[in-house]
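# Coordinate inspection notes
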Amino acid sequence: MTPRLAVRDIALFERQVRFAKPFRFGAVTVDAAPQAFVRVEIVVGGQGVAVGASAEMMMPKWFDKRPQLSPAATVDELRRSLAIARELYLAADGDDTAFGWHAGRIGAQLARCTRENIPPLAAAFGPAEIDKAILDALLRALGTDFFAAMAGNVAGLDARLTPDLTVDEITGFLAARTPSDAVAIRHTVGLDDELQGPRGIGAIAADGGTRFFKLKLGGQPDVDAVRLAAIGREFDAVGSDIRVTLDANEQYADLAALTALMERLDNDAALAPIAQRLLYLEQPMPRDITAQTPLGGLARRNVIIDEADDSYGAFVAAKALGYRGVSSKSCKGLYKSILNSARAARWNAEGPAFFVTGEDLTCQAGLGVQQDLALGALLGLAHAERNGHHYAAGFGDAPSREAGAFLRAHPDLYADGADGIRLATGTGALSVASLHQRGFASGTHPDFSSLSSLRDPTHDRNLQEH
């Protein structure tokens, strides 16, 4: 029988993360942002009280790119999303399955956020973080790890949010999972990152064993083409086994602009080093344009949605427009990632290959990167974007005792060097071995005493700038 639980308490915290170098993506450059933390207490029938936790960056101007909103206002939307979700989860009486807590509240969450003009992608952030913490607590109460628990559908996933799937398809998909032993790093190359020299991408590929790269695009075909040609020359100097993905973060205004870049990739010899290595193109156009625009012949490039993945029906709708994939990001909801993967598995039995990719919204060392890494490993991803380890400095301003606790719990995942405790990226892949332990991919929790309470902005002028 699927275990049921009651939610007793939810506490929300944050900690500022200062970046080691600026990260420019889309229309924003970020050099610092807050990381949200969730701590929950649940009561599990027959098991007593358990505590779980999660963590995720609140990145400005990703969940909501409306130009009239300031970066700070878009972060406040995420704080509101967490606060609203906390109210909804704590207002409920009785018990439910872990997935049932999510499924029973996501509709109300979206409705509440809509009334405050918070878009669906930002609205889903609050439940996504609380759901991870609830699952962590449940697994600790049961004394089991994430991978074993999900194989047995301990969370109780069902088809109420995905009527195109059956319960048997969902449980069968989970039972068939063989988690990856390690997930290769796909190194993000931001729009301001160095291309040449000792800190350039060629040096990273040669020194760190990294063979997957994610290249940000700016939305101007000619400018992007010149930059991609320069990157291609760096890759050619290293070796032919490098593979790349492109990510425009919604910057291509329409299909015509996107077609112009794709034609350059098809016909410009200077771009052949990129075209030959290209795996897929991520979220080229704005999410509203995406929903209205069939890809036509561009579907051959394996285009995926990311920011447009703002509902349980988004992947189905995108498939009808020619999209072949969707991103998995724990900040968008681990249950949606799993259910989208089950969809891809079913569709692939019927025809051409559909896929789920691993993308990273600057997951920081500790819970954020570990829970997202475990999710990707469960889905069998061979590689996933990882950028928190080079845009931020290890555990940043976290107390040394917190960083040390994570190192002791996960000695295969972190290394203590001259720059402090950081992700162990030297092999070009992250080990999953130590994530197989009680709880959701972590043998320890953050030092909650060192965190600030999450600021709860009311529906004030910051959210009314538009």
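A brief structural summary. (Residues numbered from 1 in each chain as written. Predicted model: local features only at pLDDT ≥ 70, side-chain atom pairs only at ≥ 80, totals over all residues. Heavy atoms only, no water.)

## A closer look at the packing of aromatic side chains
Applying the stated rule across the entire model yields 15 aromatic pairs. Relative to F125, the ring of F63 has its centre 5.4 Å away and its plane inclined at 75°; by these criteria the two rings are edge-to-face. Here F63 is found in the loop between β3 (48-57) and α1 (71-91), whereas its partner F125 is found in helix α5 (residues 125-142), with 62 residues between them in sequence. With respect to class, F63 is no different from F125; both count as buried. What links up through ring pairs into an aromatic cluster is the set F23, F25 and Y391. Cation over ring: R39 sits above F448, and NZ or CZ is 6.0 Å from the ring centre. (Phe/Tyr/Trp six-rings, centres within 6.5 Å; stacked < 30°, edge-to-face > 60°. Helix = DSSP H or I, 4+ residues; strand = E, 2+ residues; numbered from the N terminus. Buried < 20%, exposed > 50% of the residue type's maximum accessible area, 1.4 Å probe, protein only. Lys NZ or Arg CZ within 6 Å of the ring centre and 35° of its normal.)

## Brief notes about helix α10 (residues 255-267)
For α10, which comprises 13 residues, the first-to-last C-alpha distance of 18 Å matches the rise-based estimate of 18 Å (1.5 Å per residue) to within 8%. Of the residues making up α10, those classed as buried are A257, L258, L261, M262 and L265. Looking straight down α10, one finds its buried side chains confined to an arc of 135°; they lie on one side. Among the exposed residues of α10, those oriented more than 90 degrees off its buried face are A256 and N267. Its buried side turned inward, α10 meets α9 (221-238), β6 (243-247), α11 (272-275) and β7 (278-282). For α10, the N-terminal capping position is held by D254, with its side-chain oxygen 3.2 Å away from the main-chain nitrogen of A256. (Expected span 1.5 Å × (residues − 1). Arc of directions from axis to C-beta. Contact = heavy atoms within 4.5 Å. Polar contact = N/O pair within 3.5 Å; in protein donor to acceptor, adjacent residues only side chain to side chain.)

## So, helix α3 (residues 106-115)
Among the residues making up α3, those that are buried are I106, Q109 and C113. Around the axis of α3, the buried residues are gathered within 55° of arc, so they sit on the same side. Pointing more than 90 degrees away from the buried face of α3 are the exposed residues T114 and R115. If you follow the buried residues of α3, they end up packed against α1, α2 (98-103), α4 (120-123) and α5. One or two positions beyond α3, positive phi appears at N117, with a value near 60°.

## So, the packing of α1 against α5
Across the interface, α1 lies against α5 with an axial gap of 7 Å and an inter-helix angle of 55°. Relative to α5, α1 is oriented oblique. As for the relative orientation of α1 and α5, their crossing is right-handed in sense. Contacts between α1 and α5 involve L78, S81, L82, A85, R86 and Y89 from the first element and F125, G126, P127, E129, I130, D131 and I134 from the second. (Axes fitted to C-alpha atoms, helices over the stretch in contact; angles between N-to-C directions. Parallel < 35°, antiparallel > 145°, perpendicular 65-115°, else oblique. Left-handed = near helix turned anticlockwise from the far one by under 90°.)

## Describing the pattern of salt bridges
The final tally for this structure, using the stated rule, is 43 salt bridges. A salt bridge links R66 to E77, with the nearest nitrogen and oxygen atoms 3.1 Å apart. You can see R66 sitting in the loop between β3 and α1 and its partner E77 sitting in helix α1, a full 11 residues away along the chain. The exposure class assigned to R66 is partly exposed, which follows from its relative accessible area of 22%. Salt-bridge contacts for R386 lead to D360; the nearest nitrogen and oxygen are separated by 3.2 Å. (Salt bridge = Lys/Arg side-chain N within 4 Å of Asp/Glu carboxyl O.)

## Side note on the environment of I304
Within the element layout of this structure, I304 appears in strand β8 (residues 303-305). Taking the C-alpha atoms as reference, I304 lies 8.6 Å from V356; in sequence the two are 52 residues apart. Apart from the residues lying within four places of it in its own chain, the contact partners of I304 are Y280, L281, E282, Q283, P284, Y323, G325, V326, S327, F355, T357 and E359.

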